[in-house]
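Overview (structure and organization)
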Amino acid sequence: MILVLCALLQEPAFADVFVSGEGETHTYRIPSVISTAKGTLLAFAEARKKGTSDSGNIDLVVKSSADGGATWGPLRVVWDEGDNTCGNPCPVVDRATGTVWLLLTHNLGKDHEKDIVNRKAQGSRTVWVTRSDDDGATWAKPAEITKDVKKPEWTWFATGPGVGIQTKAGRLVVPCDSKNEGGKTGWSFVIFSDDRGKSWTTGGTVGDLWNECQVAELADGSLMLNMRNHDRSKKERGVAVSKDGGLTWSASAPDPALVEPVCQASLIHAGDRLLFSNPATNKTRARMAVRLSSDEGKTWPAIRVLHEGPAAYSCLTALPDRKVGCLYECGAKSAYERIVFARFGLDWLATGTESPPPK
């Protein structure tokens, strides 16, 4: 009886996707996973060739799975710009055409974020887009869209990381964040396309103490933006809502249920539920957990922990048959030892009643 119940609840199955040290790469970071229109899973990451730094020789890589994440194909390079930095993957799928659009960023490998933000770097942070029309097997040469989406006063720009969405009306929406010179102010926002990825426009901003974000469409067509806190003294995620497709946003508010150690997180709609993943603690990057809300994010009563040890960035994706996938960074001693894909059932997640640690 117990075995039957476990099977029905679809408890997690785990698979390593990127392992640091393999493929002549020191560290793999910044996971992103999306399900294509044909059901293929595409897992993206930054291949940090020489170390753990956010700058340097970093390639954007991808692996694919045709069996729901049980096994993964060989590593393929989407963008390699020599010693420069290609990263922050944020894909979005056009349901009508099957095209996978991939938004990403670039900077000189010798330039560090602090110097770019303060206009002391040799180069700047630029924004790019590529596409695949064959389920991720091949990718177009990246095209720069910086002038279309980055305001002149912004010295920093980041796409995602995570995933974008396509609204019920067909708009392609990609979450982003930016900073001004000095880095003391930061905004979360979306960029969007209403012409199937041909052009991209920047929506309204939520600021000025927010950072990396993810977006989900609610049942009434509103967009919810869930944001990392730029203020390191705060330990709660921020939330804002747009009624006009991302052109304007409500005042931001903290969600006391979604504690964080200042880290990226993931938010998706799966069926009639909202799902959220992050390190579920306000102390250090550890304890990767997935939460479920049945009331559009007003409450988060269900929680399941996927990894108790060190853990950091994550990305959720909805799978067929009430299954969910979570691609996340984790390890035994460091959160950046490997990127793992966990596949589990919505019913298993919904029955999770473990209490999160006290604030």
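Coordinates for the structure precede this section.
Notes on the structure in this doc start here.

Conventions and cut-offs
Note on numbering: residues in each chain are counted from 1, in written sequence order. pLDDT decides what is reported in this predicted model: residues at 70 or higher carry local features, side-chain atom pairs at 80 or more are listed and counted, and totals for whole chains, interfaces and linings draw on all residues regardless. To get the side-chain values, all heavy atoms of the structure are used, and hydrogens and water are removed first. Only strands joined by at least two bridges in the DSSP assignment are considered to pair. Secondary structure follows DSSP: runs of H or I at least 4 residues long count as helices, runs of E at least 2 residues long count as strands, and numbering of each begins at the N terminus. Only the contacting stretch of a helix is used when fitting its axis, a line to C-alpha atoms as for every element, and angles between N-to-C directions run 0 to 180 degrees. Each residue is placed in one exposure class: buried if its accessible area under a 1.4 Å probe, protein chains only, is under 20% of its type's maximum, exposed if it is over 50%, and partly exposed if it falls in between. We call two residues in contact whenever any of their non-hydrogen atoms come within 4.5 Å of each other. For Phe, Tyr and Trp, rings pair up if their centres lie within 6.5 Å, where Trp contributes its six-membered ring, and each pair is then called stacked (planes under 30 degrees apart), edge-to-face (over 60) or tilted (otherwise). Whether a charge lies above a ring is judged from NZ of Lys or CZ of Arg, which has to be within 6 Å of the ring centre and within 35 degrees of the ring normal.

**Here we look at the sheet that holds strand 24 (residues 338-345)**
- The sheet built from 7 strands is open, its strands ordered 1-24-23-22-21-20-19 with antiparallel pairing. Strands with a single pairing partner mark the edges of an open sheet, and in this sheet they are strand 1 (13-19) and strand 19 (266-270). Between one strand axis and the next, the sheet turns through 25° on average, direction left out of account.
- In the sheet, strand 21 (residues 286-293) pairs with strand 22 (residues 302-319) via 6 bridges, with the strands oriented antiparallel.

**Examining the environment of Trp 187**
- Mapped onto the elements of the fold, Trp 187 is located in strand 13 (residues 186-193).
- Looking at Trp 187, the relative accessible area reads 16%, which means it is buried.
- When the C-alpha atoms of Trp 187 and Asp 177 are compared, they prove to be 5.4 Å apart, with 10 residues separating the residues in sequence.
- Aside from chain neighbours lying at most four places away, what touches Trp 187 is Trp 154, Cys 176, Asp 177, Ser 178, Lys 179, Asn 180, Thr 205, Val 206, Gly 207, Asp 208 and Trp 210.

**Here we look at the packing of aromatic side chains**
- In the structure shown here, the tally under the stated rule is 9 aromatic pairs.
- Arranged with centres 6.1 Å apart and planes meeting at 50°, the rings of Trp 154 and Phe 157 form a pair that is tilted. You'll find Trp 154 and Phe 157 in the same group, each marked buried.
- Within the aromatic cluster, the residues linked to one another by ring pairs are Trp 154, Phe 157 and Phe 189.
- Of note, Arg 29 hangs over the ring of Tyr 313, and the distance from its end group to the ring centre comes to 4.7 Å.

**Details of the sheet that holds strand 18 (residues 253-259)**
- As summarised here, the arrangement of the 4 strands in space is 15-16-17-18, forming an open sheet in which the pairing is antiparallel. Each edge of the open sheet carries a strand with a single partner, namely strand 15 (210-217) and strand 18. Going from strand to strand, the sheet's axes swing by 35° on average, the running direction of each strand aside.
- The sheet contact formed by strand 17 (residues 236-242) and strand 18 spans 4 bridges and is antiparallel. By the bridge assignment for strand 18, Glu 236 is matched with Val 259.

**Some remarks on the pairing of strand 2 (residues 27-35)**
- In terms of burial, strand 2 is largely enclosed, as 8 of its 9 residues are buried.
- The sheet contact formed by strand 2 and strand 3 (residues 41-48) spans 7 bridges and is antiparallel. What sits directly across from Ser 32, in strand 3, is Phe 44.
- Counting the residues between successive antiparallel strands, the hairpin from strand 2 to strand 3 contains 5 residues, one of them, Gly 39, with a positive phi of roughly 95°.

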